[in-house]
Amino acid sequence: MKKLKEAVILLTGLGLVLIFTTISGIGCPIKWLTGVSCAGCGMTRAVFYAVQFQFGKALHYHPLFWMLPFLVLLYLFWEKIPAKPRKGILWAVIFLFGAVYFVRMFLPGDYIVTADLRSGIIVRLWNHDKRMSK
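Residues numbered from 1 in each chain as written. Predicted model: local features only at pLDDT ≥ 70, side-chain atom pairs only at ≥ 80, totals over all residues. Heavy atoms only, no water.

### Observations regarding the overall build of the protein
Then, number 1: Looking only at helices and strands, the protein features 7 helices and 0 strands.
Then, number 2: Listed N to C, the secondary structure of the protein is α-α-α-α-α-α-α in terms of helices and strands.
Then, number 3: Its C-alpha atoms give the protein a radius of gyration of 18 Å, clearly above 14 Å, the size a compact globule of 134 residues would have.
Then, number 4: Sequence-distant contacts in the protein: of pairs separated by 6 or more residues, those separated by 24 or more amount to 57%.
Then, number 5: When the 16 positive and 5 negative side-chain charges of the protein are each reduced to one mean point, those points stand 2 Å apart. (Helix = DSSP H or I, 4+ residues; strand = E, 2+ residues; numbered from the N terminus. Rg over C-alpha atoms; globule rule 2.2 N^0.38 Å. Contact = heavy atoms within 4.5 Å. Lys, Arg positive; Asp, Glu negative; His and termini not counted. Charge placed at Lys NZ, Arg CZ, Asp CG, Glu CD.)

Put into structure tokens, the structure is as follows:
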């Protein structure tokens, strides 16, 4: 029951962040800060399309969208899984997200996963501060 309560709190928090970033126009907080897409970039849009049974669009936005229900179940039952398989599962998930992220980062024409450090707020503030001190 404790895990379920934690999951509800986590999902509520993520929902609030999603609402805030959508209303504010920030979008992905990591990309907004750094200018670099995260490994989960496109996941929200992929889930949005999957819920509408538009699986082609969902795959386009994030090829691992189908893992989300399994990851939620893993979170809920994590303590019931023996330690050795847990470690393997964790590494498999990290590897999958890392591999998909790497391929998408260097895939020509992919506009979802991008890296433009100059567009991140950190670099923009840094450059603004340097201009102001001159």
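### Side note on the packing of aromatic side chains
Between two aromatic rings, the relevant description is the distance of the centres plus the angle of the planes.
Then, number 1: A complete count under the given rule lists 5 aromatic pairs for this structure.
Then, number 2: Judged by centre distance (6.0 Å) and plane angle (80°), the ring pair of F53 and F55 falls under edge-to-face.
Then, number 3: Since its relative accessible area comes to 65%, F53 is described here as exposed.
Then, number 4: Look at F55 and you get partly exposed, because its relative accessible area is 42%.
Then, number 5: Arranged with centres 6.3 Å apart and planes meeting at 20°, the rings of F55 and F65 form a pair that is stacked. Here F65 lies in the loop between helix 4 (55–61) and helix 5 (68–77) and F55 lies in helix 4, a separation of 10 residues in the sequence.
Then, number 6: Among the aromatic side chains, those forming a connected cluster through ring pairs are F48, Y49 and Y61. (Phe/Tyr/Trp six-rings, centres within 6.5 Å; stacked < 30°, edge-to-face > 60°. Buried < 20%, exposed > 50% of the residue type's maximum accessible area, 1.4 Å probe, protein only.)

### Details of the confidence of the model for the protein
Then, number 1: For the protein, per-residue confidence averages 86 on the pLDDT scale, and 96% of positions sit at 70 or higher.
Then, number 2: Ranking the helices and strands of the protein by mean pLDDT puts helix 4 first, with 95, and helix 7 (residues 121–132) last, with 75. (pLDDT = per-residue confidence, 0-100.)

### Here we look at the pattern of salt bridges
Between side chains of opposite charge, a pair can form when the charged atoms approach closely.
Then, number 1: Evaluated as defined, the whole model comprises 2 salt bridges.
Then, number 2: The closest approach of N and O atoms between E79 and R86, which form a salt bridge, is 3.7 Å.
Then, number 3: Under the relative-accessibility criterion, E79 is labelled exposed at 58%.
Then, number 4: With its nearest N and O atoms 3.6 Å apart, the salt bridge here joins R118 to D116.
Then, number 5: Residue classification places R118 among the exposed residues on the basis of a relative accessible area of 65%.
Then, number 6: For D116, a relative accessible area of 32% corresponds to the partly exposed category. (Salt bridge = Lys/Arg side-chain N within 4 Å of Asp/Glu carboxyl O.)

### Quick word on the layout of surface pockets
Then, number 1: Of the voids in this model, the largest pocket is the one considered here, and its volume is about 1200 Å³.
Then, number 2: Around the largest pocket, the lining comprises 31 residues; the ones closest to its centre are L14, G40, M43, T44 and L68.
Then, number 3: With 9 residues, the top contributor of residues to the lining of the largest pocket is helix 1 (residues 2–24).
Then, number 4: Of the residues that constitute the lining of the largest pocket, the class distribution is 23 nonpolar, 7 polar and 1 charged. (1 Å grid on protein atoms, 1.4 Å probe; cavity = no way out; pocket = protein on both sides within 12 Å on 5 of 7 lines; lining within 4 Å. Points joined across faces, edges and corners; volume = space filled by probe spheres on them. Nonpolar A, V, L, I, M, F, W, Y, C, P; charged D, E, K, R; others polar.)

### As for the environment of A50
Then, number 1: In this structure, A50 sits in helix 3 (residues 43–51).
Then, number 2: Judged by relative accessible area, A50 falls into the buried class, the value being 15%.
Then, number 3: If near-sequence neighbours (up to four positions away) are discounted, A50 is found in contact with F55, A58 and F65.

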